[in-house]
Amino acid sequence: DSGVTQTPKHLITATGQRVTLRCSPRSGDLSVYWYQQSLDQGLQFLIQYYNGEERAKGNILERFSAQQFPDLHSELNLSSLELGDSALYFCASSVGGGKDTEAFFGQGTRLTVV
Amino acid sequence: AQSVSQHNHHVILSEAASLELGCNYSYGGTVNLFWYVQYPGQHLQLLLKYFSGDPLVKGIKGFEAEFIKSKFSFNLRKPSVQWSDTAEYFCAVNARNTGFQKLVFGTGTRLLVSP
């Protein structure tokens, strides 16, 4: 157990819908990172939040957004879903926000868009 | 920008066979290198990492990796695999003095070890 909790574990939804994925970081960690893992593209960095503020942005679509709340949990919102958004979404957490070279991953949320 | 190539997408071995998974990266500067493992239904976890020093790095569960700077490679090895090593393995790289958010992952190698 990494200490990072993601809910739900599985999600099936229809095209055009909106979903919210949740991540609770390890106790004491201030950074949360979101990743998308698809079969053809591997693990792609989406976005990082540090202590409530956006810190870094990767290949995140405009239809996707995230936030980190005062209790440090984070949510990834995916809207206007397309079939191609079906993937495994991971979050990871680390202590700091800049030069941390290690983070701990959750078990992921498997999203299936039908 | 960095990139990582893992040429073997699927590897099937029998128990006790030796393992070598290839990882090549593309970046002209100094790098940090990592291998992560994802067991079925579980989270990614760190196997080993290289920042500097001895290019032969020992990790958990009997794994090791060798950094060969001239070849831009960081291959993962294990002398004798077990059924419990069945998992997906990811190589990752970031530039020295950058953070986790800059980590670039390879597409992964699925290892199946048959008993």
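So, here is what we can say about the structure in this document. Every chain's residues receive numbers from 1 upward, in the order its sequence appears when written. Chains and ligands are labelled by the order in which they are written, letters from A for the one and numbers from 1 for the other. With the structure being a predicted model, the display of local features is reserved for residues of pLDDT at least 70 and the display and counting of side-chain atom pairs for 80 or more, all residues being used for whole-chain, interface and lining totals. Computation of side-chain values: all heavy atoms of the structure, hydrogens and water removed.

Some remarks on the overall build of chain A
Then, in step 1: Scanning chain A from terminus to terminus reveals 0 helices and 11 strands.
Then, in step 2: Radius of gyration here uses only the C-alpha atoms, and the compact-globule reference equals 2.2 Å multiplied by the residue count raised to the power 0.38. For 114 residues, the compact-globule formula gives about 13 Å, and the C-alpha radius of gyration of chain A, at 13 Å, lands near that figure.
Then, in step 3: For every residue, the accessible area (1.4 Å probe, protein chains only) is compared with the maximum for its type, and the residue is labelled buried under 20%, exposed over 50%, or partly exposed between those bounds. When each of the 114 residues of chain A is scored for burial, the buried share is 53%.
Then, in step 4: A sequence separation of at least 24 residues applies to 55% of the contacts in chain A between residues at least 6 apart.
Then, in step 5: The method behind every accessible area is Shrake-Rupley, applied with a 1.4 Å probe, and residues are considered shielded solely by the protein chains displayed. About 5400 Å² of surface is accessible on chain A, with carbon and sulfur atoms providing 47% of the total.
Then, in step 6: Positive and negative side-chain charges in chain A, numbering 9 and 12 respectively, have mean positions lying 1 Å apart. Working definition: helices are DSSP H or I runs of at least four residues, strands are E runs of at least two. Numbering for both runs from the N terminus. Throughout, a contact is declared for two residues whenever any of their heavy atoms are within 4.5 Å. His is not counted here, nor are the chain ends, while Lys and Arg score as positive and Asp and Glu score as negative. The atom standing in for a charge is NZ when the residue is Lys, CZ when it is Arg, CG when it is Asp and CD when it is Glu.

Observations concerning the layout of surface pockets
Then, in step 1: By volume, the largest pocket is sized at about 710 Å³.
Then, in step 2: Cavities and pockets were defined on a 1 Å grid built from protein atoms only: a cavity is a group of points that admits a 1.4 Å probe but offers it no way out, a pocket is an open group of points flanked by protein on both sides within 12 Å along at least five of seven lines, and a lining residue is one with an atom within 4 Å of any such point. Forming the boundary of the largest pocket are 29 residues, of which Gln37, Leu88 and Arg110 of chain A together with Glu88 and Arg110 of chain B lie nearest the centre.
Then, in step 3: If you list the elements that add at least two residues to the lining of the largest pocket, you get β4 (31-38), β9 (87-94) and β11 (109-113) of chain A together with β10 (87-95) and β12 (109-114) of chain B.
Then, in step 4: Only Asp, Glu, Lys and Arg are considered charged, only Ala, Val, Leu, Ile, Met, Phe, Trp, Tyr, Cys and Pro nonpolar, and every remaining residue, Gly among them, polar. Of the residues belonging to the lining of the largest pocket, the class tally is 9 nonpolar, 16 polar and 4 charged.
Then, in step 5: Of the volumes computed, that of the second largest pocket is approximately 300 Å³.
Then, in step 6: What lines the second largest pocket is a set of 14 residues, among which Phe45 and Asn59 of chain A together with Gln101, Leu103 and Val104 of chain B lie closest to the centre.
Then, in step 7: Among the elements that make up the lining of the second largest pocket, the one with the highest residue count is strand β5 (residues 42-50) of chain A (3 residues).
Then, in step 8: Its residues assigned to classes, the lining of the second largest pocket shows 7 nonpolar, 5 polar and 2 charged. Grid points are joined across faces, edges and corners, and a volume is the space filled by probe spheres set on the points.

A look at the interface of chain B and chain A
Then, in step 1: Residue-level contacts link 22 residues of chain B with 25 residues of chain A.
Then, in step 2: Two parts placed together each lose some accessible area; with a 1.4 Å probe, that loss summed over both constitutes the buried area. Summing the contributions of chain B and of chain A, the shared interface buries around 1800 Å²; its carbon and sulfur component is 58%.
Then, in step 3: When the buried area of chain B at its contact with chain A is split by residue, His43, Phe100 and Gln101 of chain B rank highest and sum to 40% of it.
Then, in step 4: A carboxyl oxygen of Asp or Glu within 4 Å of a side-chain nitrogen of Lys or Arg is what we treat as a salt bridge. Where chain B meets chain A, there are 1 salt bridge.
Then, in step 5: Taking the shortest distance from any N to any O, the salt bridge between glutamate 102 of chain A and lysine 49 of chain B comes out at 3.2 Å.
Then, in step 6: Pairs of N or O atoms are called polar contacts if they sit within 3.5 Å, as long as, within protein, a hydrogen donor faces a hydrogen acceptor (for residues adjacent in sequence, only side-chain-to-side-chain pairs). Counting across the chain B and chain A interface gives 1 residue pair in polar contact (both at pLDDT 80 or more).
Then, in step 7: For the side of chain B that touches chain A, the secondary structure elements donating two or more residues are β5 (31-38), β6 (44-50) and β10 of chain B.

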